[in-house]
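# Notes for the structure review
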Amino acid sequence: MDPEFDDVVSVEDLMALERRFAEQRRGGAVSRRCQFEYAWGLVRSPYGNDVARGVALLQELMPKGTKEEQRDYTFYLALGNYRLKEYERALAHVERLLGAEPHNSQGLRLQRLIRQRMRRDGLLGAAIVGGVALGVAGLLGLAISRARH
């Protein structure tokens with residue numbers, strides 16, 4: 001776990017952000033700032049459904065934001081997708097951020113972390129596939145051996 005990217009928002013803070021978002025929505029207009037803050041909280045939630053909702057809210061905001069706001073949205077889209085284990089999407093977002101700001105230290109750290117997770121999960125996935133293949137080969141060999149006797 002990386003404390004910078006894996007920390008979670010407190011339940012109280014998320015509930016406060018949600019109340020403010022709901023109040024503005026009931027009023028007919030949600031400010032970009034309020035929607036971003038709620039999305040930020042959702043992206044930092046320990047629950048995958050919340051993170052996915054945060055990503056969706058950020059995607060809604062993207063075409064509406066200023067250049068600076070879009071930078072923030074892009075970073076949190078990368079973070080949200082990372083937390084959802086959507087590493088290819090996360091990497092695409094962080095690389096878009098780094099295309100505009102090549103020396104963004106937070107973006108560079110997140111990019112490195114995403115790539116580490118991709119390698120780890122890729123190796124883990126290969127090990128699982130290899131283990132299944134060995135298991136199938138073993139069962140096949142056992143079946144052939146029993147058929148001969």
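Our subject is the structure that appears above.
Reference entry: report on the structure contained in this document.

The rules behind these values
As a convention, each chain's residues are numbered from 1 in the sequence order in which they are written. Given that the model is predicted, a residue must reach a pLDDT of at least 70 before its local features are reported, and side-chain atom pairs must reach 80 or more before they are shown or counted; all residues, however, enter totals for whole chains, interfaces and linings. Each side-chain value is worked out from all heavy atoms of the structure, with water and hydrogens disregarded. Strands here mean DSSP runs of E at least two residues long; helices mean DSSP runs of H or I at least four residues long; both are numbered from the N terminus. Helix span, expected: 1.5 Å multiplied by one less than the number of residues in the helix. Using a 1.4 Å probe on the protein chains alone, a residue whose accessible area is under 20% of its type maximum counts as buried, one over 50% counts as exposed, and one in between counts as partly exposed. To obtain the arc, one takes the directions from the helix axis to the C-beta atoms. The contact criterion used is simple: two residues touch if any of their non-hydrogen atoms lie within 4.5 Å. Nonpolar core, defined: a set of buried Ala, Val, Leu, Ile, Met, Phe, Trp, Tyr and Cys residues in which side-chain atoms within 4.5 Å join the residues together. The pairing test for Phe, Tyr and Trp rings, Trp by its six-membered ring, is centres within 6.5 Å, and the orientation test on the planes gives stacked under 30 degrees, edge-to-face over 60, and tilted for anything in between. Axis angles are defined between N-to-C directions and span 0 to 180 degrees, where every axis is a line fitted to C-alpha atoms and, for a helix, only to the segment in contact. In a left-handed crossing the near helix is turned counterclockwise from the far helix by less than a right angle, and in a right-handed crossing that turn is clockwise. Here the term charged refers only to Asp, Glu, Lys and Arg, the term nonpolar to Ala, Val, Leu, Ile, Met, Phe, Trp, Tyr, Cys and Pro, and the term polar to all other amino acids, Gly among them. We count a salt bridge whenever a side-chain nitrogen from Lys or Arg sits within 4 Å of a carboxyl oxygen from Asp or Glu.

## Notes on helix α2 (residues 11-26)
Each turn of an α-helix holds 3.6 residues, which means side chains three or four residues apart point in the same direction. Counted at 1.5 Å a residue, the expected span for α2 with its 16 residues is 22 Å, and the 22 Å between its end C-alpha atoms agrees. Those residues of α2 lying buried are L14, L17 and F21. Here the buried residues of α2 occupy an arc of 65 degrees about the axis, which is enough to place them on one side. The outward face of α2, more than 90 degrees from its buried face, is lined by the exposed residues V11, E12 and R26. Of the surrounding secondary structure, the elements contacted by the buried residues of α2 are α3 (32-43) and α4 (48-61). Two residues or fewer past α2, G28 is found with a positive phi of approximately 105 degrees.

## A word on the nonpolar core
Counting 31 residues, the largest nonpolar core has L58, L79, Y82, L110 and I114 as its most contacted members. Looking at this core, the elements with two or more residues in it are α2, α3, α4, α5 (67-83), α6 (87-100) and α7 (105-148). With seven residues, the top contributor of residues to this core is α5. If sequence neighbours within four positions are ignored, Y82 has contacts with F5, D6, Y87, A90, L110, L113, I114 and R117.

## Quick notes on the packing of aromatic side chains
Following the criterion strictly, the structure yields six aromatic pairs and no others. Centroid distance F36 to Y76: 5.8 Å. Interplanar angle 65 degrees. Geometry classified as edge-to-face. One end of the pair, F36, is in helix α3; the other, Y76, is in helix α5, and 40 residues separate them in sequence. The burial state of F36 is the same as that of Y76; both residues are buried. Three or more aromatic residues joined by ring pairs make a cluster, and in this case those are F5, F36, Y73, F75 and Y76.

## With respect to the packing of α2 against α3
Closest axis-to-axis distance for the α2/α3 pair is 9 Å, and the angle between their directions is 145 degrees. Crossing handedness for the pair α2 and α3: left-handed. On the side of α2, the interface is formed by L14, L17, E18, R20, F21 and Q24, while α3 contributes C34, Q35, E37, Y38, W40, G41 and L42. Each residue belonging to the contact of α2 with α3 can be placed in one class, and the counts come to seven nonpolar, three polar and three charged.

## Section: the side chain of S45
Among the structural elements, S45 can be located in the loop between α3 and α4. Excluding residues that lie within four positions of it along the chain, S45 makes contacts with V8, V9, L14, D50, V51 and R83.

## What to know about α4
Look at α4: 20 Å from first C-alpha to last across 14 residues, which is about the 20 Å you get at 1.5 Å a residue. All of the buried residues along α4 are V51, G54, V55, L57, L58 and L61. The arc that holds every buried residue of α4, seen down its axis, measures 165 degrees, which confines them to one face. Those residues of α4 that are buried lie in contact with α2, α3 and α5.

## A look at the pattern of salt bridges
It is possible for side chains bearing opposite charge to pair when their charged atoms get close. In this structure the tally under the stated criterion is eight salt bridges. The salt bridge partner of D72 is R71, with a shortest N-O separation of 3.0 Å. Between E95 and R115 there is a salt bridge, with the nearest N and O atoms lying 2.9 Å from each other. Highlighted residues: E95 in helix α6 and R115 in helix α7, separated in sequence by 20 residues. A relative accessible area of 36% means that R115 is categorised as partly exposed. Here the residues in one salt-bridge network are R20, R33 and E37, joined through shared partners.

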